[in-house]
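As a plain string of letters, each chain reads:
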Amino acid sequence: MIPTKGALLKRGISFNSGGGPLCPFCNNSLESSDHLFASCDISYSVWQLLYNWLNFSIVLPSKPIHHFSTHMGLISNHRLSKFWSVI
Ligand SMILES: [Zn+2]
């Protein structure tokens, strides 16, 4: 599990020192892994820019695990898979 602000909030951790639980990129939704990897307009644009730069045209899946498996499926060269997984 990614320790997003939404996940930390569910565990009773408050955000009294500023920032709040909203996504720091768009400030429109609760920060969650689903939001960060699929529905955040800012991060979605960054992913699209990255894939355009790498010359891939894809629609991003709505769940982070599907995003990861799709991402890993884009590369067939096993030598580059470690580098690719870091992205
Ligand atoms: Zn956002």
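Structural data are supplied above this passage.
Cut-offs applied
- As a convention, each chain's residues are numbered from 1 in the sequence order in which they are written.
- Totals for whole chains, interfaces and linings use all residues, but because this is a predicted model, local features are given only for residues with pLDDT of at least 70 and pairs of side-chain atoms are given and counted only at 80 or more.
- In computing side-chain properties, one takes all heavy atoms of the structure into account and sets aside hydrogens as well as water.
- A patch consists of residues whose relative accessible area exceeds 30% and which take part in no salt bridge; residues with like charges are grouped when within 9 Å of each other, and nonpolar side chains (Val, Leu, Ile, Met, Phe, Trp, Tyr) when within 5 Å.
- Note on areas: these come from Shrake-Rupley sampling with a 1.4 Å probe, and a residue is covered only by the protein chains present in the view.
- A pair is scored as a salt bridge if a Lys or Arg side-chain nitrogen falls within 4 Å of a carboxyl oxygen belonging to Asp or Glu.
- The numbering of helices and of strands both runs from the N terminus, where a helix is a DSSP run of H or I of at least 4 residues and a strand a run of E of at least 2.
- The buried label goes to any residue with under 20% of its type's maximum accessible area, the exposed label to any with over 50%, and the partly exposed label to all in between, with areas taken from a 1.4 Å probe on protein chains only.
- Here, the arc refers to the directions that run from the helix axis to the C-beta atoms.
- Contact criterion: two residues are considered in contact whenever any of their non-hydrogen atoms come within 4.5 Å of each other.
- Two rings from Phe, Tyr or Trp (for Trp, the six-membered ring) form a pair when their centres are within 6.5 Å of each other. A pair whose planes differ by under 30 degrees is stacked, one over 60 is edge-to-face, and the rest are tilted.
- Listed donor atoms are N, O and S within 2.8 Å of the metal (Na, K and Ca: 3.2 Å). As water is not included, a site may look incomplete.
- Working rule for geometry: tetrahedral if four donors all subtend angles between 85 and 135 degrees; square planar for four, octahedral for six, if opposite donors exceed 155 degrees and the others stay between 65 and 115; irregular in every other situation.

**Describing a nonpolar patch on the surface**
Next, step 1: A contiguous nonpolar surface patch, about 290 Å² in accessible area, is contributed by Phe 25, Ile 42 and Val 46.
Next, step 2: Structurally, Phe 25 is set in the loop between helix H1 (5-10) and helix H2 (33-39).

**Regarding helix H4 (residues 64-73)**
Think of an α-helix as turning once every 3.6 residues; residues three or four places apart then point the same way.
Next, step 1: Pro 64, His 67 and His 71 are the residues of H4 that are buried. Viewed along the axis of H4, the buried residues span an arc of 55°, placing them on a single side of the element. Exposed positions of H4 whose direction lies more than 90 degrees from the buried face are Ile 65 and Gly 73.
Next, step 2: Where H4 is buried, its residues contact H2, helix H3 (41-53) and helix H5 (81-86).

**A look at the packing of aromatic side chains**
Two aromatic rings are characterised by how far apart their centres lie and by the angle between their planes.
Next, step 1: The tally for this structure, following the rule as stated, stands at three aromatic pairs.
Next, step 2: Their ring planes at 20° and their centres at 5.9 Å tell us that Trp 47 and Tyr 51 sit as a pair that is stacked. Of this pair, Trp 47 and Tyr 51 both sit in helix H3, four residues apart, which is roughly one turn of that helix.
Next, step 3: Among the residues examined, Trp 47 registers a relative accessible area of 15% and is labelled buried.
Next, step 4: The structure contains a cluster of three or more aromatic residues connected by ring pairs, namely Phe 37, Trp 47 and Tyr 51.

**Some words on the coordination of the zinc ion**
Six octahedral donors around a metal ideally subtend angles of 90 or 180 degrees, whereas four tetrahedral donors ideally subtend 109.5 degrees.
Next, step 1: The protein atoms that coordinate the zinc ion are Cys 23 (SG), Cys 26 (SG), His 35 (NE2) and Cys 40 (SG), at distances of 2.1 to 2.3 Å.
Next, step 2: Around the zinc ion, the four donor atoms sit at angles spanning 101 to 119°, and that spread fits a shape best called tetrahedral.
Next, step 3: For the zinc ion, the donor residues sit on a single chain with the sequence spacing C-x2-C-x8-H-x4-C. Here Cys 23 is found in the loop between H1 and H2, whereas its partner Cys 40 is found in the loop between H2 and H3, with 17 residues between them in sequence. The same class applies to Cys 23 as to Cys 40, namely buried.

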